Amino acid sequence: MSVPVSASPPPLDAWGLTQVEHLLVDGGLDPDAAVWQVRDRPGDLWAVKATRRDCRFGLALAASLGLDVGVVAPLPTTSGGLWVEHQGSIVSVSPWIFGDDAAEDGRGLDDAQWTELGAVVRRVHDQAPPSDVAPLRRGVKRTGRRARVLLRDLDHRFVGRPDDPLAELWRRHRGRLDRLERVALELKGSRTDASRVSCHGDPHLGNVVVDTAGRPWLIDLDEATVAPREVDLVLVELGVLPGLPVTEADRTAFRLGYGDDVRLDEDRLVRFGCVRALEDVTATFSALEGAHSPQHGSDAGGVQAGLEALLGPSGLMSLVEGRLTRA
């Protein structure tokens, strides 16, 4: 069930804030969340988020990192809490970062910003997980459903639609998805033990804001978990946004900030890449095939373009397949 869309954000009495202006921000592809930009009486800007997802671990992790570490932390309520529950949603407030989305208009990061982002991700990985709240997500999977179930579900939904362009696109790429599922299962069967760290869960450039001073900030820890560090680093080693491929120069700059004292597991990177690609592709097909929530339904064209890019030569599917070929 998606978040009911309202022109106004939830009440902010718990934070002692008085709204004087607000703006509903485009929520992207997540039908379970809505974000508002709110100006309070003194003139400060805040990001107010309401989500049906259990993001409490991510909020606690962001808060535990402290201030000025490159991760946007939630504003505590007047009673010291990090969130409130309102009409079935978890509501949080955080400072509004003045700047630009790193992924917007193909903007990306320069070398110095990639290095700073590497240092930020390393701070997250070195932070002890909060002990008072457990992550909802376990390991690399974000949906809680096996890839085989996701694939079969879409198989059934596209049965009997021979003239449907979306169904035809699904059938054309179905074999590629099968291959990634097989590889993921094989690598999972031969996996070795790995240390588990605090993870952002989704640190691609779509979750990075560059402030007016040129400093990158990680936002949106809804997917945060405790897992092998490759859960985060696969998004840098492989890339995830077709319009913003990660170059070798980008990776080198990132590693400079992250540190070279950690050896990554290649098999784990490939397996996590397979899982991520399967989830992204099936989620995007589902978003196009099914009904959208009101705040996202008008962007079907953008979702279609995103799917075609995801399946294309610069998309995550091809990036994982290329890694398999080299391996």
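On a predicted model such as this, the values are computed, not experimentally measured, just so you know.

Okay, the packing of aromatic side chains next. Across all of its chains, the model carries five aromatic pairs by this definition. Relative to W170, the ring of F158 has its centre 5.9 Å away and its plane inclined at 40°; by these criteria the two rings are tilted. In this pair, F158 sits in the loop between α3 (147–157) and α4 (165–189) while W170 sits in helix α4, placing the two residues twelve residues apart along the sequence. Assigned by exposure class, F158 and W170 land together as buried. Taking 6.0 Å as the distance between ring centres and 75° as the angle between the ring planes, the aromatic pair formed by F158 and F285 counts as edge-to-face. On the criterion of sequence distance, the pair formed by F158 in the loop between α3 and α4 and F285 in helix α7 (residues 266–289) is long-range, its members being 127 residues apart. Above the face of the Y258 ring, R122 is positioned so that its terminal group lies 5.0 Å from the ring centre. In this structure, R215 is placed above the aromatic ring of W217, and the distance from its NZ or CZ to the ring centre is 4.7 Å.

Of note, the phi angle at D68 is positive, near 60°, even though the residue is not glycine. Looking at where D68 falls in the secondary structure, it is placed in the loop between α1 (56–64) and β4 (84–86). Unlike most non-glycine residues, D105 shows phi in positive territory, near 55°. In this fold, D105 is placed in the loop between β6 (99–101) and α2 (111–126).

With respect to topology, five strands assemble into an open sheet ordered β1-β2-β3-β5-β4, the strand pairing being antiparallel. The open sheet terminates on both sides in strands that have one partner only, identified here as β1 (19–25) and β4. Along the sheet, successive strands turn relative to each other by an average axial angle of 30°, direction set aside.

Our focus in this paragraph is the sheet that holds strand β9 (residues 216–218). One open sheet accounts for three strands, arranged β6-β8-β9; its pairing is antiparallel. At either end of the open sheet lies a strand with only one pairing partner, and these are β6 and β9. Going across the sheet, the axis of each strand differs from the next one's by a mean of 30°, ignoring polarity. Alignment of β6 against strand β8 (residues 208–211), held across three bridges, turns out to be antiparallel. By the bridge assignment, G99 is partnered in β8 with D211.

On to the side chain of S92. Positionally, S92 belongs in strand β5 (residues 89–95). Overall, the relative accessible area of 10% leaves S92 in the buried class. In contact with S92, not counting residues within four places along its chain, are W15, A47, V48, K49, L59 and L82.

Contact pair α3 / α4: the axes reach a minimum separation of 10 Å and the direction vectors enclose 165°. Taken together, the axes of α3 and α4 lie roughly antiparallel to each other. Here α3 and α4 pass one another in a crossing that is left-handed. Note on element contacts: α4 touches α3 through W170, R174, L177, D178, E181 and L185, opposite A147, R148, L151, R152, L154 and D155. A breakdown of the residues in the contact of α3 with α4 according to their chemical character gives six nonpolar, no polar and six charged.

Taken as a whole and judged by the stated rule, the model has 28 salt bridges. A salt bridge links D153 to R157, with the shortest nitrogen-to-oxygen separation between them at 3.0 Å. Here R157 and D153 lie together in helix α3, a separation of four residues that amounts to about one turn. On the accessibility criterion, D153 (27% relative accessible area) is partly exposed. On the accessibility criterion, R157 (27% relative accessible area) is partly exposed.

Turning our eyes to something else, we now look at a negative patch on the surface. A contiguous patch of negative charge on the surface is contributed by D100, D101, E104 and D105. Structurally, the position occupied by E104 is in the loop between β6 and α2. When its relative accessible area of 38% is taken as the criterion, E104 is described as partly exposed.

We now examine the nonpolar core. In terms of nonpolar packing, the biggest core is built from 39 residues, with L180 and F285 touching the most fellow members. Those elements that place two or more of their residues in this core are α3, α4, β7 (197–199), α5 (230–237), α7, α8 (300–311) and α9 (316–326). It is α7 that provides the largest number of residues to this core, a total of ten residues. The contacts of F285, once residues within four sequence positions are left out, are L154, F158, L166, L169, W170, L307 and L311. Grouped together as the second largest cluster of nonpolar side chains are 29 residues, L61, A102, W114 and L117 included.

What counts and how
Residues numbered from 1 in each chain as written. Predicted model: local features only at pLDDT ≥ 70, side-chain atom pairs only at ≥ 80, totals over all residues. Heavy atoms only, no water. Phe/Tyr/Trp six-rings, centres within 6.5 Å; stacked < 30°, edge-to-face > 60°. Helix = DSSP H or I, 4+ residues; strand = E, 2+ residues; numbered from the N terminus. Buried < 20%, exposed > 50% of the residue type's maximum accessible area, 1.4 Å probe, protein only. Lys NZ or Arg CZ within 6 Å of the ring centre and 35° of its normal. Pairing = 2+ DSSP bridges. Axes fitted to C-alpha atoms, helices over the stretch in contact; angles between N-to-C directions. Contact = heavy atoms within 4.5 Å. Parallel < 35°, antiparallel > 145°, perpendicular 65-115°, else oblique. Left-handed = near helix turned anticlockwise from the far one by under 90°. Nonpolar A, V, L, I, M, F, W, Y, C, P; charged D, E, K, R; others polar. Salt bridge = Lys/Arg side-chain N within 4 Å of Asp/Glu carboxyl O. Patch = residues over 30% accessible without salt bridge, like charges linked within 9 Å, V, L, I, M, F, W, Y side chains within 5 Å. Areas by Shrake-Rupley, 256 points an atom, 1.4 Å probe, with all protein chains shown as cover. Lys, Arg positive; Asp, Glu negative; His and termini not counted. Charge placed at Lys NZ, Arg CZ, Asp CG, Glu CD. Core = buried A, V, L, I, M, F, W, Y, C linked by side-chain atoms within 4.5 Å.

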